[in-house]
Amino acid sequence: MIANIINAQREYFAAHKTLDVKTRLAYLKSLKREIRERTADIAAALKSDLGKSPSESYLSEIGMVLEDLGFHVKHLKSWTKPKRRKSPLAQFPSKSYIMPSPYGNTLIISPWNYPFLLSMQPLVGAIAAGNTVLLKPSRSSAATSAVINEILERVFPQELAACAYGTDGINDEVLANKFDYIFFTGGKDVGKKVYRAASEYLTPVTLELGGKSPAVIDRTAKIDLAAKRVVFGKFLNVGQTCVAPDYAVVHESVAERFVECLKKHIAKLYPRALENDEYGKIISERHFERVKDLICGNVVCGGNYSAATQKIEPTVIFPASLDDPAMREEIFGPILPVLTYKTDEELFEILDKNPTPLAFYLFTSKKKAERYILPRVRFGGGCVNDTVIHIASSLIPFGGVGSSGIGSYHGKKSFETFSHMKSVLKKSNAIDLPIRYTPYTKSKDKMIRFFMK
């Protein structure tokens, strides 16, 4: 079944049926209409899979996809036009330009934590760039995967975009095939597997992974506001967010006050969390057991959980230690360890324990601190004086670095990620300078050195 779809998509692309920009735009507009019409169904599926409220589903998934679709529709014609570049004097007379070209048959593997957003956003970029797409959503978010499959079936011919989901072995079945580009979002272990499979065919990849993303709060930060924004970013989707602040590192002079503000805002934003219908759940029993086992040490807020509903309260550990279980792995749940530091040297020593995070958050009132710290920390992207919201912009790219990923996307960058930028030099037939042809003479050498220096 999957092999048949892949072969059909290969033939569809080879017939150049994806090249027409007007056709691409028509499909993107149709997709946007279908998502708008199915908003309630998508929200219900996200509620079933992750316990998300309709408001959170729209804010963090559906609305972001619609916004990105609108951005692509608005700008696609200009993005696809060849871009003129200057030609070197040695190639006179000529014209140079860059021509965006689709890679071909693409594979998108998406995760369960934002199953709609992280399936549809890369798909939008791939279709806009003129590729075919085989989308492999997570089986853990089965309800959302089913709705995505229905949407794709209504909008696209299977030869252009299709959904594949099912049993454990489907990743192996899919990855055994040759693709022209692979886009993966998920954990590092599966990411390595994808990378190895891609290397068999020298297939280019984007890997959006994760890591322990820190939030640094210095002594000059607006403590109450910083705490509120950390609570928002950390407990959105009950911490199951790849760019959530995984832990906080706070200057010791303001640490006690910061923790008290954390507790205040948790109580305000997530009252009676275990009974709160708008507070989500851990995706599966296996993940629930893993996350709850990280609750230990100095728990100053939360710590309770319900196995029946797979819910865990927003939990704060303070003061946390680098030896705590929650500091040994990416948490991916509603637990926030809070560490303290005295000096910049001590701060960087803590940060270096978990290098190249996907996100980094700095809270400070001093531009000097911003200019000093940001260049000294390797990270994918982040915010100053906020958390998470950098991923909601179509105007800046999002992606990892080092162990947190390869490549980036969002907005125009999504189109570029799924495009090969062909470089073309068009030479005039009117003049053919003889200096490049043998036999070479002293006068030719002199002219070559004049043009090429």
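See the structure above.
Criteria and cut-off values
- Residues numbered from 1 in each chain as written.
- Predicted model: local features only at pLDDT ≥ 70, side-chain atom pairs only at ≥ 80, totals over all residues.
- Heavy atoms only, no water.
- 1 Å grid on protein atoms, 1.4 Å probe; cavity = no way out; pocket = protein on both sides within 12 Å on 5 of 7 lines; lining within 4 Å.
- Points joined across faces, edges and corners; volume = space filled by probe spheres on them.
- Helix = DSSP H or I, 4+ residues; strand = E, 2+ residues; numbered from the N terminus.
- Expected span 1.5 Å × (residues − 1).
- Buried < 20%, exposed > 50% of the residue type's maximum accessible area, 1.4 Å probe, protein only.
- Contact = heavy atoms within 4.5 Å.
- Polar contact = N/O pair within 3.5 Å; in protein donor to acceptor, adjacent residues only side chain to side chain.
- Salt bridge = Lys/Arg side-chain N within 4 Å of Asp/Glu carboxyl O.
- Core = buried A, V, L, I, M, F, W, Y, C linked by side-chain atoms within 4.5 Å.
- Axes fitted to C-alpha atoms, helices over the stretch in contact; angles between N-to-C directions.
- Parallel < 35°, antiparallel > 145°, perpendicular 65-115°, else oblique.
- Left-handed = near helix turned anticlockwise from the far one by under 90°.
- Nonpolar A, V, L, I, M, F, W, Y, C, P; charged D, E, K, R; others polar.
- Pairing = 2+ DSSP bridges.

Asks: Just checking my understanding: could you explain the layout of surface pockets for this structure?
Replies: The gaps left among the atoms become clear once a water-sized probe is rolled over them. What the largest pocket holds in volume is close to 1,200 Å³. Considering the residues around the largest pocket, the lining is formed by 39 residues, among which Trp-112, Gly-186, Gly-187, Val-190 and His-287 are closest to the centre. Of all the secondary-structure elements, those providing two or more residues to the lining of the largest pocket are helix H7 (170-175), strand S6 (181-185), helix H8 (188-200) and helix H11 (285-292). The element contributing the most residues to the lining of the largest pocket is H8, with four residues.

Asks: So what exactly am I meant to see when it comes to helix H2 (residues 21-37) here?
Replies: For an α-helix, 3.6 residues make a turn, and residues three or four places apart therefore share a direction. Look at H2: 25 Å from first C-alpha to last across 17 residues, which is about the 24 Å you get at 1.5 Å a residue. For H2, the complete set of buried residues consists of Val-21, Arg-24, Leu-25, Tyr-27, Leu-28, Leu-31, Lys-32, Glu-34 and Ile-35. Where H2 is buried, its residues contact helix H1 (2-14), helix H3 (39-50), helix H4 (54-80), helix H5 (117-128), helix H6 (142-155) and helix H14 (412-417). Measuring from the backbone nitrogen of Lys-22 back to the side-chain oxygen at the start of H2 gives 3.4 Å, which picks out Asp-20 as the cap.

Asks: Would you explain the pattern of salt bridges in this entry?
Replies: Any two side chains of opposite charge can pair, given that their charged atoms come close. Overall, the coordinates contain 17 salt bridges when judged by the stated rule. A salt bridge links Lys-292 to Glu-289; the shortest N-O distance between them is 3.3 Å. Here Lys-292 pairs with Glu-289, and both are found in helix H11, just three residues apart, close to one helical turn. Using a relative accessible area of 31% as the deciding quantity, one classes Glu-289 as partly exposed. What you see here is one network of salt bridges that share partners, running through Glu-34, Arg-38, Asp-41, Glu-150 and Arg-154.

Asks: Hey, could you run me through the nonpolar core in this one?
Replies: General note: in soluble globular proteins, nonpolar side chains tend to be found buried as a group. The biggest cluster of nonpolar side chains holds 114 residues, and the ones touching the most others in it are Leu-31, Ile-35, Leu-123, Phe-156, Phe-258 and Val-338. When near neighbours in sequence (up to four residues on either side) are disregarded, Phe-258 contacts Ile-217, Ile-223, Ala-226, Ala-227, Val-230, Ala-248, Val-250 and Val-338. Listed in part, the 20 residues of the second largest apolar core include Ile-170, Val-174, Val-194 and Val-205.

Asks: Would you mind showing me how to read the packing of H2 against H4 here?
Replies: Helices that pack against each other are described as a pair by the angle of their axes relative to one another and the distance between those axes. Interaxial distance between H2 and H4 falls to 10 Å at its minimum, and their mutual angle equals 165°. Relative to H4, the element H2 is oriented roughly antiparallel. Like other packed secondary-structure pairs, H2 and H4 cross with a definite hand, here left-handed. Where H2 approaches H4, its residues Val-21, Arg-24, Leu-25, Leu-28, Lys-29, Leu-31, Lys-32, Ile-35 and Arg-36 are matched on the opposing element by Ile-62, Val-65, Leu-66, Leu-69, Gly-70, His-72, Val-73, Leu-76, Lys-77 and Thr-80. Residue composition of the contact of H2 with H4, grouped by class: 11 nonpolar, three polar and five charged.

Asks: Looking at this model, I keep getting lost on the sheet that holds S6. Mind explaining?
Replies: By definition, the strands of a sheet pair up through backbone hydrogen bonds, in either a parallel or an antiparallel sense. In space, the six strands of this open sheet follow the order S5-S4-S3-S6-S7-S18, with mixed pairing throughout. Looking at the sheet topology across the chains shown, the edges are occupied by strand S5 (161-163) and strand S18 (405-406). Judged from the three bridges that link them, strand S4 (residues 132-136) and S5 form a sheet pairing that is parallel. Of the residues in S5, the one forming a bridge with Leu-135 is Cys-163.

Asks: What should I look at first to understand the packing of H4 against H5 in this one?
Replies: Interaxial distance between H4 and H5 falls to 9 Å at its minimum, and their mutual angle equals 10°. As the angle between them shows, H4 and H5 are arranged roughly parallel. In this structure, H4 contributes Ser-60, Glu-61, Met-64, Val-65, Asp-68, Leu-69, His-72 and Leu-76 to the contact, and H5 contributes Leu-117, Met-120, Gln-121, Val-124, Gly-125 and Ala-128. Here the residues of the contact of H4 with H5 are counted per class, giving eight nonpolar, four polar and two charged.

Asks: In this structure, what is going on with the sheet that holds strand S14 (residues 335-341)? I would like to understand it.
Replies: Strand order in this open sheet of seven strands is S10-S13-S14-S9-S8-S15-S16, and the pairing throughout is mixed. Strands with a single pairing partner mark the edges of an open sheet, and in this sheet they are strand S10 (299-301) and strand S16 (381-384). Each strand axis lies, on average, 25° off the axis of its neighbour in the sheet, ignoring direction. Set on the sheet, helix H9 (residues 223-235) makes contact with strand S8 (214-217), strand S13 (315-317), S14 and strand S15 (359-363); between it and S14 the angle comes to about 140°. Its contacts with the sheet place helix H10 (residues 255-269) against S8, strand S9 (247-251), S10, S13 and S14, and it is angled at close to 165° to S14.

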